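Commentary on secondary and tertiary structure
Residue-level listing of the chains:
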Amino acid sequence: MVFAPAPVLTVTVEKVAGRDELHVHAGGQGVWQARMAASLGCRVELCAGIAGEIGDVLEGLLCRADPAITLHAVRCAAGSGWYVHDRRGGERAEIAADSGEPPTRHDIDELYNTALIEGMRADVSILSGPADHSLIDPDVYRRLAADLGSNGGKVVADLSGDLLEAVLDGGVAVVKVSHEELIADGLADGDDEASLVRAARRMRERGAGAVLVSRAGDPALAMLDERVVSVRPPKLEVVDHRGAGDSMSAGVAAVLAAGGGLAAAIRTGAAAGALNVTRHGLGTGHGDAVRELAGRTRIETLTWSRK
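These figures come from a predicted structure and were not determined experimentally.

Before going further, it helps to spend a moment on empty space enclosed by the protein. Within this structure, the stated rule accounts for two cavities of 30 Å³ or more. Of the voids in this model, the largest cavity is the one considered here, and its volume is about 110 Å³. The wall of the largest cavity is formed by 17 residues, among which Ala6, Gly49, Gly79, Ser80 and Glu101 lie closest to the centre. For the lining of the largest cavity, a count of residues per class yields 10 nonpolar, six polar and one charged. Roughly 40 Å³ of volume is contained in the second largest cavity. Lining the second largest cavity, in full, are Leu196, Val197, Ala200, Val211, Val213, Leu221, Ala222, Met223 and Val228. Taken together, the elements giving at least two residues each to the lining of the second largest cavity come down to α7 (193-206), β11 (208-215) and β12 (218-224). By residue class, the composition of the lining of the second largest cavity is nine nonpolar, no polar and no charged.

Spelled out as structure tokens, the structure:
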């Protein structure tokens, strides 16, 4: 199950062979994670809140996105978010955007119940955040993590800020977070390995079963039990770095859902993230390509004191 409370409509203009092309997709963290998990062979239950005119378009796009993805749409009173990007110059330039409006209390109740039931039926649940964290009360995430975990579910959280703090209080199997987010949230003192390992250890002490820290172009760090490892996928040229972290989380969840262990899950997650940066589409990439890269991804144990 993927909890995606506020997907967005993405509109991108690109120049291909001298002509302008328009690309319209459903997007947002949870949508990109669902897409990658489906490409890795998972059947995905996508629980999403949609609203208004933009929601009508989102629902149509999501229903046709992938036969392995089943949309559980909750119709909300407020409007869904969107953005328009111009990539004709090679780099993304935002023309206009709106993050959407907060769901009402009734809408939150419906979203929560939908995600809770589908999460109880699923092998693994991914909790993804809205682009604007102010849209959803962090306590929704705390309760969902706690309720799913106490009923035998495995929860993978790819969150930051107040939402990350909330799921740590609720308890999760795996937390994935970028080093930039750890520093911005005041959870890490710097981007050196020692600071990031200390932050990962504190998150484990607060309720995370395992912690995966992505580090842009550097090898990811993971804390599995008391073991700290670096995760090194093959180096590939970057086309678009956006979405690599979401693909990483989806790869981890897909392996756990298939009964794989944490080491294999993290190796596959790193491979999915590495593949994603070679593509223009977020959360995209063929499963066989991810598995090939996973076989070439190295996990090395690091030695750290407990200070």
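As a further point, take the sheet that holds strand β9 (residues 154-158). Across the sheet, 10 strands lie side by side as β5-β4-β1-β8-β9-β10-β11-β12-β13-β14; this open sheet has mixed pairing. At either margin of the open sheet sits one strand with a lone partner, and together these are β5 (69-75) and β14 (298-302). Each neighbouring strand pair of the sheet contributes to a mean axis angle of 20°, computed without reference to strand direction. Both strand β1 (residues 2-4) and strand β8 (residues 124-128) contribute to a ladder of two bridges, which runs parallel. Paired with Phe3 across the two strands is Leu127, which belongs to β8. Along the sheet, helix α3 (residues 105-121) makes contact with β1, β4 (44-50), β5 and β8, crossing β5 at roughly 155°. Helix-sheet contacts for α7 involve β10 (172-178), β11, β12, β13 (227-232) and β14, and the interaxial angle to β11 is about 155°.

Cut-offs used in this document
- Residues numbered from 1 in each chain as written.
- Predicted model: local features only at pLDDT ≥ 70, side-chain atom pairs only at ≥ 80, totals over all residues.
- Heavy atoms only, no water.
- 1 Å grid on protein atoms, 1.4 Å probe; cavity = no way out; pocket = protein on both sides within 12 Å on 5 of 7 lines; lining within 4 Å.
- Points joined across faces, edges and corners; volume = space filled by probe spheres on them.
- Nonpolar A, V, L, I, M, F, W, Y, C, P; charged D, E, K, R; others polar.
- Helix = DSSP H or I, 4+ residues; strand = E, 2+ residues; numbered from the N terminus.
- Pairing = 2+ DSSP bridges.
- Axes fitted to C-alpha atoms, helices over the stretch in contact; angles between N-to-C directions.
- Contact = heavy atoms within 4.5 Å.

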